[in-house]
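What follows is the residue order along each chain.
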Amino acid sequence: MNDRPGRVLPGRTVSKSLETEMTAAFIRTAASLILLGAIAMPIVASAQGADAERVKRGEYIFRAADCYSCHTDTKNNGQPLAGGAAIKTPFGTFYPPNITPDTEFGIGLWSDQDFLRALRDGIAPDGSHYYPAFPYTSFTGMTNQDILDLKAYIFTLPAVSAEAPQHELPFYLRWRSVIGAWKMLNFKPGPMTPDPAKDAVWNRGRYLVEAIAHCGECHSPRTATGAIDRAKEMSGNPSGPDGKGIPNITPDPTGIGDWSESDLAFALKLGVMPDGDTFGSFMADVVEQGTAYLTDDDRTAIARYIRSLPPVRTEKEDKPKD
Ligand code: HEC
Ligand code: HEC
């Protein structure tokens, strides 16, 4: 059975992206230049250079967003991006699908538009809604360029022909139309705009934290309907993924008030906290698959933004030890 909404049937008339059209036009032009015996080589070389640049930028976003950890079943030695381990939530169990470029079980037949719509709007190629267990609620803030660079990178990875399991959900959540109502209440799509009152480092930090690295998807408490509780942003979540408690990372003494900016930047690089303890649980993956690969400047930007959040007081006992 393959009734996942992201399935694109072969031969579907995809509206080709402008880019595909341009590439096709370029290839036609290049081909005729070669036929004419003109020196087409330098043009071709620079086009490859531009693609390689995109893929490199896409890989960086891929790391910062840690698409890998959810979509790979690392505990069972699953292939990269071929489908992730079960995510248990109060609303049911979700299995992140195969997002390799496989044309049957992955996203190999997706157009640029399909990919943009999934990350920006949480909408599948068949028009149905994605569950917010896929954090498009954060990714929606990304720029078009970052989203499309990300796709360019993912499409260079090996295709894996394997089907991810179906979600296990209570009956009332099996209809994806229910998510439409949830989105009307809780979701505002669109790229993030910089705050002109703040400097470039802070704005970069906010973009990384809120749109890409989605720290708040784990670290913020949720409302009764499962939306991020913005008033208590980053103040921890007593029932995070798999029912684990996630610590408060606001600059309150009950959070990480005693960490300096460089303590936090360092922890995101090596996974070591100021008390010498190392991150465990999901946070170990966030660092190993994600923030460890970022530039020092980007880790500093993340730290500066997190340190600028309003402190929120919480009970201290949420801290899990695995
Ligand atoms: C917190 C875990 C998590 C993270 C992080 C995550 N995803 Fe997912 N993703 C999911 C889940 C769960 C679904 C299934 C949603 C559904 O069925 O409605 C999904 C679905 C998708 C789909 C739709 C695939 C299909 O066949 O319909 C795409 C594309 C996707 N994710 C790409 C990404 C990319 C790119 C990233 C990194 C920027 C990413 N995901 C990060 C959990 C995650
Ligand atoms: C997939 C869920 C998840 C995401 C995403 C996530 N974290 Fe965490 N984080 C955790 C968990 C779980 C812990 C507790 C780790 C432990 O017990 O060792 C934690 C711990 C921390 C701590 C230590 C707090 C303390 O007092 O011990 C900091 C700081 C932190 N995270 C910052 C971040 C930042 C910054 C981001 C975004 C770049 C982020 N986290 C994204 C799950 C997550």
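These figures come from a predicted structure and were not determined experimentally. (Residues numbered from 1 in each chain as written. Chains lettered and ligands numbered in written order. Predicted model: local features only at pLDDT ≥ 70, side-chain atom pairs only at ≥ 80, totals over all residues.)

**With respect to the overall build of the protein chain**
In step 1: The helix and strand inventory of the protein chain stands at 12 helices and two strands.
In step 2: Counting from the amino terminus, the protein chain carries its helices and strands in the arrangement α-α-α-β-β-α-α-α-α-α-α-α-α-α. (Helix = DSSP H or I, 4+ residues; strand = E, 2+ residues; numbered from the N terminus.)

**Some remarks on the site of ligand 1**
In step 1: In the vicinity of ligand 1 lie 23 residues, with Gly6, Ala65, Cys67, Cys70 and Phe134 positioned nearest.
In step 2: The element that contributes the greatest number of residues to the shell around ligand 1 is helix H3 (residues 67-71), accounting for three residues. (Near = placed C-beta within 6 Å.)

**Notes on the nonpolar core**
In step 1: Formed by 52 residues in total, the largest nonpolar core has its most connected members in Leu208, Ile212, Ala213, Leu264, Ile302 and Ile306.
In step 2: Ranked by residue count, the leading element in this core is helix H6 (residues 144-154), at six residues.
In step 3: If you count residues domain by domain, this core takes at least three from each of domain 1 (19-191) and domain 2 (193-322).
In step 4: Apart from the residues lying within four places of it in its own chain, the contact partners of Leu208 are Ala64, Ala213, Asp298, Ala301 and Ile302. (Core = buried A, V, L, I, M, F, W, Y, C linked by C-beta atoms within 7 Å. Buried ≥ 20, exposed ≤ 12 C-beta atoms within 10 Å, placed from the backbone. Domains from an automatic or database assignment. Contact = placed C-beta atoms within 7 Å.)

**A word on the site of ligand 2**
In step 1: For ligand 2, the set of nearby residues contains 27 residues, the closest of which are Cys215, Cys218, Gly280, Phe282 and Met283.
In step 2: Of all the secondary structure elements, the ones that give two or more residues to the shell around ligand 2 are helix H9 (215-219), helix H10 (261-270), helix H11 (281-290) and helix H12 (296-307).
In step 3: Considered class by class, the residues forming the shell around ligand 2 number 19 nonpolar, five polar and three charged. (Nonpolar A, V, L, I, M, F, W, Y, C, P; charged D, E, K, R; others polar.)

**Focus: H12**
In step 1: Its 12 residues give H12 an end-to-end C-alpha distance of 16 Å, which sits within 8% of 16 Å, the value for a rise of 1.5 Å per residue.
In step 2: For H12, the buried fraction is high: nine of the 12 residues fall into the buried class.
In step 3: Turning to H12, its buried residues number three or more, namely Asp298, Arg299, Ala301, Ile302, Ala303, Arg304, Tyr305, Ile306 and Arg307.
In step 4: Packing partners of the buried residues in H12 comprise helix H8 (200-212) and H10. (Expected span 1.5 Å × (residues − 1).)

**A short note on the confidence of the model for the protein chain**
In step 1: Taken residue by residue, the protein chain gives an average pLDDT of 88. The fraction at 70 or more is 86%.
In step 2: Overall, residues 33-42 carries pLDDT values under 50, and its contacts beyond four positions in sequence, including any with other chains, amount to four contacts. (pLDDT = per-residue confidence, 0-100.)

**Remarks on the packing of H8 against H12**
In step 1: Contact geometry for H8 and H12: axes closest at 7 Å, N-to-C directions at 90°. As judged from the angle between their axes, H8 and H12 are roughly perpendicular. Between H8 and H12, the contacting residues are Val201, Trp202, Arg204, Gly205, Arg206, Leu208 and Val209 on the first element and Asp298, Ala301, Ile302, Arg304, Tyr305 and Ile306 on the second.
In step 2: The class makeup of the residues in the contact of H8 with H12 is eight nonpolar, one polar and four charged. (Axes fitted to C-alpha atoms, helices over the stretch in contact; angles between N-to-C directions. Parallel < 35°, antiparallel > 145°, perpendicular 65-115°, else oblique.)

**Quick word on the packing of H10 against H12**
In step 1: The contact between H10 and H12 brings their axes to 8 Å, and the two run at 130°. By the angle between their axes, H10 is oblique relative to H12. Judged by the sense of rotation from one axis to the other, the crossing of H10 with H12 is right-handed. The residues of H12 that touch H10, namely those facing Glu261, Leu264, Ala265, Leu268 and Lys269, are Arg299, Thr300, Ile302, Ala303, Arg304, Ile306 and Arg307.
In step 2: Of the residues that constitute the contact of H10 with H12, the class distribution is six nonpolar, one polar and five charged. (Left-handed = near helix turned anticlockwise from the far one by under 90°.)

**What about the environment of Ala227?**
In step 1: For Ala227, the location among the structural elements is in the loop between H9 and H10.
In step 2: In sequence terms Ala227 and Asn186 are 41 residues apart; their C-alpha atoms lie 6.2 Å from each other.
In step 3: Apart from the residues within four sequence positions on either side, Ala227 is in contact with Asn186 and Arg222.

**Digging into the environment of Asn186**
In step 1: Along the chain, Asn186 falls in helix H7 (residues 177-186).
In step 2: Separated by 49 residues in the primary sequence, Asn186 and Thr137 have C-alpha atoms spaced 8.9 Å apart.
In step 3: Dropping the residues within four chain positions of it, Asn186 is found in contact with Thr225 and Ala227.

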